Amino acid sequence: MIKNKFKPVRICITLFLLFFGLILHAQQKTITGKITTKDDGFGLPGVNVVLKGTTIGVSSDFDGNYSIQVEGDNPILVFSYIGFKTQEINVGSNTIINVQLEDDAANLDEVVVIGYGTTKKSDITGSVSSVKSEELSAFPVLSTEQALQGRAAGVAVQSNNGGEPGAPINIRIRGNTSIGASSAALVVVDGFIGGSIPQPNDVASIEVLKDASATAIYGSRGANGVILVTTKKGTKGKMQIELNSSYAIQNITETLDLLNANQFANYRQQINPAYTQGPVDTDWQDLIYRTGSVSNHQLSFSGGSDKINYYVSGNYFKQDGIVINSDFERFSFLGNIDIQATDRLKLGFNSFANRGNKNGVQSQASSGGSGGGDVISTAYRFAPDQPIQDANGVNTTNPVGDEFDNPVAIARESVDDTTTDDYRANFYADYELIDGLSFKTTFGFSTVNRTRGRFLPSTLIGQASGQGGIASIESLKGTDILSENYLTYNKDFDKHSLTALLGYSYQKTRRERYSAESQNFISNSVSYFNLAAGSNVQTPVSNLTESEIVSQFARVNYEYDDRYLLTLTARRDGASNFAKNNKYAFFPSGAIGWNISNEEFLSESNTISNLKLRASYGVTGNPSINPYQSLASLDAIYAAVGDQTVNAVVPQQLANPDLKWESSYQTNIGVDFGFFDNRLTTTLDYYNIDTKDLILGDSGAPEYIGFSRLESLRNVGEINNKGFEITISSLNVANDNFTWSTDLNWATNKVEVVKLINGEDIFLDSAPGSFLQDQTHILREGEAVGVFWGYEYQGVYQGGAVPAGQGTYEGAEAGDELFTDLDGDGIITGDDRKIIGDPNQDWTFGLNNTFTYKNFDLNIFFQGAIGGDIFSYTFLELASGESNATTEVLNAWTPANTNTNVPSAKVREKRINSRFVYDGSYVRLKNLALGYNLPTDVIGKFGLQGLRVSLSGQNLLTFTDFPGTDPEASYQSQGNQNNNVNLGFDYGSYPNIRSYTLSLNLKF
């Protein structure tokens, strides 16, 4: 009964509390969101989120997520982070507020991706260059690799075949660190080692790791530098739809000045008076070149919630090459999903799919015989007084010298199709075990299937008529499995900050290859799709290789008082490729840094806003060899037993159980400057790389041991790279309506061969087979890698006594070539060859200027290289007298024209000599782009968040003394060793292109 007396009181109290709670709830609410960088969409950890006018505040988590309780009338949230502009946002009725922070002039603490983690830029102790998303997509390119050219100091990017659609791209960082192994940088895409890089609009950022402190976490694969690619991710908020579309027209930048029909006939009659001029005047370059085009369209969807973020993108790329019958088409897909499964567990899945179809034309001919297999060099050489077909409708062949088909027939009738399917999937789970300690596991799978079909019809008289047509198919199937698991510990206490990493990695690679060829077809209509239709089936080839690499790695980053930095890294790799006595290797590195600008004596400086010293030393490795190369092997042959042919094997190569890794010992010293609130920043780096235990082939085994391959692999070589890099960024002008910023990078690298087998020279050959020349370049201790080897040209022999110190070949007459006579016998022989050129560039640079005025922006980007000789097989061949020639021969020596440096008209041996060595220096206007962003109040009426149009031109101007079509020569650069030592050669390459592009960007 007593309890009942208090029942009304309890009801009143309950109603009061409920009413008060409703009032309180109306005044207080929870705001959540994600804070990212405006440039690349990265989540920002540690951003201060404060309710303005109060002490209420929180910090964003590692991924940039935050949650804060707000109250009061018209609350305002203040978002601040070092290196970014502070933003104030009215909450209004919103409960979800996503924020994009914009860099200010002081960008020292932007988040930079490093191996297996991220760090603040101010905490970096190694040499790392970052390339932002807007730089990569500044103008349309075939691939992201091309977009890197000129964007980072010390990074060399070059196509293996000029402007050919779908041509492979090679990236080198700080020179070549090997001779026989690959010097290409290791590519890591969203944590997957060896992944294919997506197209530029899908890339959030690229970090280039250069020194051992940055790359040692990748151990045996870090010697050539590392390219870390991070793709775009979704952010919390409503779905964002973005369309990027561009169309470009393309044409050739340069053609050669060749003889026309009348000039050609006069030239041939000087060599052979019986020559009869043909009926036409044909410009073969004009016939094979056309106006090309590029269509590039990308559509992306992104968004998310508190628990799930997503990014999905599809891309279509189509390029019609500037050479007839050459094109490339690509379809690609990228998907990223990130899930906050619980407070401590995050899950993610990344997938990438790509299909490319390349319809190529033959170029960069390397085979023997007539050398008439490629379209480009044939267009230079073919007689201009001949038609495409004769009166009977038969393709013409060259009427002088070797018989080969005309370039139009080769381009139209030969088939060279390559289809590539590339797929990658990567899953991760990240679990926070305790505060500050997390465990991350990743599992990835990638597969590449590539099929190439080629067909030469019997109508190509010089190439396939004798065989009745030639068809071939080759295929590659590659799979990679990668599993990585690592612990990360972060702890801040007092003035100390510690980040520790400990992990394990396993990767397995499998490659299957096969090829088949058939000849002599009844009809040319079947192309390469029915090899059985050929009556002459060649021996098929197939092989399988597998390799595994197992690794343990660790890293410690320590910081004291935001001034003193220490990084220690170690990785132990074990690879199945290597010999049983050296399957494992250890790769350590250490680095220190000093943020001098945070010292008290500079804290009040109005001039120096950043000053940091860095130094590092470490060892990185190169996998160096293919599977099974350290093992003894057998070679399959056919043998005769009686009157029957049987299969047999013979010993092929000796084993080397002590073969070990190539290792690069790297030192890097750097300094970072920032002036005037970092409106002017400069990074300087000096490096020295000693690569030891180079794996070279030693052919010293005696023939009587009975092995078919006498050359065995040994660790006997050493090379050195050293250089200097400068990066300067400045915000020259910044006001409400106008800004002007400049970015400059400059790098120099000097490479030297330090040690070879027994100190002996290694002679190399890259000449086309039809030249019948060897020893075109050389490796010699004390010299740069791949220097040209040949005769030193001294001019034209005038007859009579040969000038002192010079000579000519036996039987020479007036008008022939003079060369330096090194042995003094007056006769030019192979003993008179010497180093005649160095293809290694002295320095490279990139200069980018960006201007904005209200809604307009203008970008001007120059890129170039100084030094680096080019040896032109093209000009050597055109001067040989075997076919057509450049207009230079109009000034050839004659008894009436002796004051010339051009020898007389005559068929000559194609001797490698300095007459055809040219300075390869160039400066190129890589991009000129004018853009306009339509005002938001206008496009908002149509439901758009952004609309941008731009008009740009690529490769508009090139300043160079090289007389060929492109100073970025890359003949015979495929394969590991060729890519390292076959530098600066020019022959029959697909020419570079000039583009004019109209682009559209829409955001919904």
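Residues numbered from 1 in each chain as written. Predicted model: local features only at pLDDT ≥ 70, side-chain atom pairs only at ≥ 80, totals over all residues. Heavy atoms only, no water.

For the chain, the name recorded in an unreviewed UniProt entry is SusC/RagA family TonB-linked outer membrane protein, with Spongiivirga citrea as its organism. Regarding the chain, the relevant UniProt record gives this comment under Subcellular location (unreviewed entry): "Cell outer membrane". Under the Sequence similarities (unreviewed entry) heading, UniProt states for the chain: "Belongs to the TonB-dependent receptor family." (UniProt positions renumbered as here; feature names shortened; annotations may be inferred.)

What is the right way to read the overall build of the chain from this model?
Each helix and strand counted, the chain has 12 helices and 51 strands in total. The globule rule puts the C-alpha radius of gyration for 1004 residues at 30 Å, and the 33 Å found for the chain is close to it. Dimensions along the principal axes, computed over C-alpha positions, put the chain at roughly 135 × 65 × 65 Å. Of all 1004 residues assigned to the chain, the portion counted as buried reaches 51%. A separation threshold of at least 6 residues defines the contact pool for the chain, and within that pool the share at least 24 residues apart is 70%. Summed over all atoms, the accessible surface of the chain reaches about 43700 Å², with 54% contributed by carbon and sulfur. One finds the centroid of the 75 positive side-chain charges in the chain at a distance of 10 Å from the centroid of its 110 negative side-chain charges. (Helix = DSSP H or I, 4+ residues; strand = E, 2+ residues; numbered from the N terminus. Rg over C-alpha atoms; globule rule 2.2 N^0.38 Å. Buried < 20%, exposed > 50% of the residue type's maximum accessible area, 1.4 Å probe, protein only. Contact = heavy atoms within 4.5 Å. Areas by Shrake-Rupley, 256 points an atom, 1.4 Å probe, with all protein chains shown as cover. Lys, Arg positive; Asp, Glu negative; His and termini not counted. Charge placed at Lys NZ, Arg CZ, Asp CG, Glu CD.)

What is the right way to read empty space enclosed by the protein from this model?
One simple way to see leftover space: roll a probe sized like a water molecule over the atoms. Applying the stated criterion across every chain yields a total of seven cavities of 30 Å³ or more. For the largest cavity, the calculated volume is near 800 Å³. Ala 156, Gln 158, Arg 172, Gln 841 and Thr 844 are the residues nearest the centre of the largest cavity, which is lined by 49 residues in total. Among the secondary structure elements, those contributing two or more residues to the lining of the largest cavity are β11 (155–159), β12 (169–173), β35 (712–734), β36 (738–755), β44 (841–853), β45 (856–867) and β46 (869–872). Looking at the lining of the largest cavity residue by residue, the classes come out as 17 nonpolar, 26 polar and six charged. Residue contributions to the lining of the largest cavity reach at least three from each of two domains, namely domain 2 (111–238) and domain 3 (784–1003). (1 Å grid on protein atoms, 1.4 Å probe; cavity = no way out; pocket = protein on both sides within 12 Å on 5 of 7 lines; lining within 4 Å. Points joined across faces, edges and corners; volume = space filled by probe spheres on them. Nonpolar A, V, L, I, M, F, W, Y, C, P; charged D, E, K, R; others polar. Domains from an automatic or database assignment.)

When you look at the sheet that holds strand β43 (residues 834–837) in this model, what are you seeing that I'm missing?
Sheet strands pair via backbone hydrogen bonds, and the direction of the pair is either parallel or antiparallel. One open sheet holds the four strands; their spatial order is β37-β38-β39-β43, and the pairing between them is antiparallel. Taken across any chain shown, the strands that pair with only one partner, and hence form the sheet edges, are β37 (762–764) and β43. Each strand axis lies, on average, 45 degrees off the axis of its neighbour in the sheet, ignoring direction. As judged from the three bridges shared by β37 and strand β38 (residues 777–779), these two strands associate in the antiparallel manner. From the neighbouring strand, Leu 764 faces β38, where its bridge partner is His 777. (Pairing = 2+ DSSP bridges. Axes fitted to C-alpha atoms, helices over the stretch in contact; angles between N-to-C directions.)

How do you make sense of the sheet that holds strand β15 (residues 203–209) when you look at a structure like this?
Read from one edge of the open sheet, five strands run β10-β15-β16-β13-β14, paired in mixed fashion. Every interior strand has two partners, whereas the edge strands, β10 (128–132) and β14 (192–193), have only one. As paired elements, β10 and β15 share five bridges and run antiparallel to each other. Opposite Val 128, over in β15, you have Leu 209 as the bridge partner.

Any chance you could explain the environment of Gly 444 here in plain terms?
Among the structural elements, Gly 444 can be located in strand β23 (residues 437–456). Taking the C-alpha atoms as reference points, Gly 444 and Gly 195, separated by 249 residues in sequence, lie 9.9 Å from one another. Once you skip the residues sitting within four places of it in the chain, Gly 444 turns out to touch Phe 192, Ala 425, Asn 426, Asp 480, Ile 481 and Leu 482.

Explain the packing of aromatic side chains here, please?
Between two aromatic rings, the relevant description is the distance of the centres plus the angle of the planes. Evaluated as defined, the whole model comprises 36 aromatic pairs. Where Phe 673 meets Phe 675, the ring centres are 5.8 Å apart and the plane angle is 10 degrees; that geometry is what we call stacked. Here Phe 871 and Phe 985 contribute two aromatic rings whose centre-to-centre distance is 6.4 Å and whose plane-to-plane angle is 65 degrees, an arrangement assigned as edge-to-face. Here Phe 871, found in strand β46, pairs with Phe 985, found in strand β50 (residues 985–986); they are 114 residues apart in sequence, far enough to count as distant. Here Phe 871 and Phe 985 have matching classes, each one buried. (Phe/Tyr/Trp six-rings, centres within 6.5 Å; stacked < 30°, edge-to-face > 60°.)

I'm lost on a nonpolar patch on the surface in this one. Help?
Taken together, the side chains of Ile 308, Ile 337, Phe 349, Tyr 423, Phe 427, Phe 443, Phe 445 and Ile 481 present a nonpolar region at the surface, about 640 Å² in accessible area. For the nonpolar patch, the secondary-structure elements that each account for two or more residues are β22 (415–434) and β23. Here Ile 308 lies in strand β19 (residues 308–320). (Patch = residues over 30% accessible without salt bridge, like charges linked within 9 Å, V, L, I, M, F, W, Y side chains within 5 Å. Salt bridge = Lys/Arg side-chain N within 4 Å of Asp/Glu carboxyl O.)

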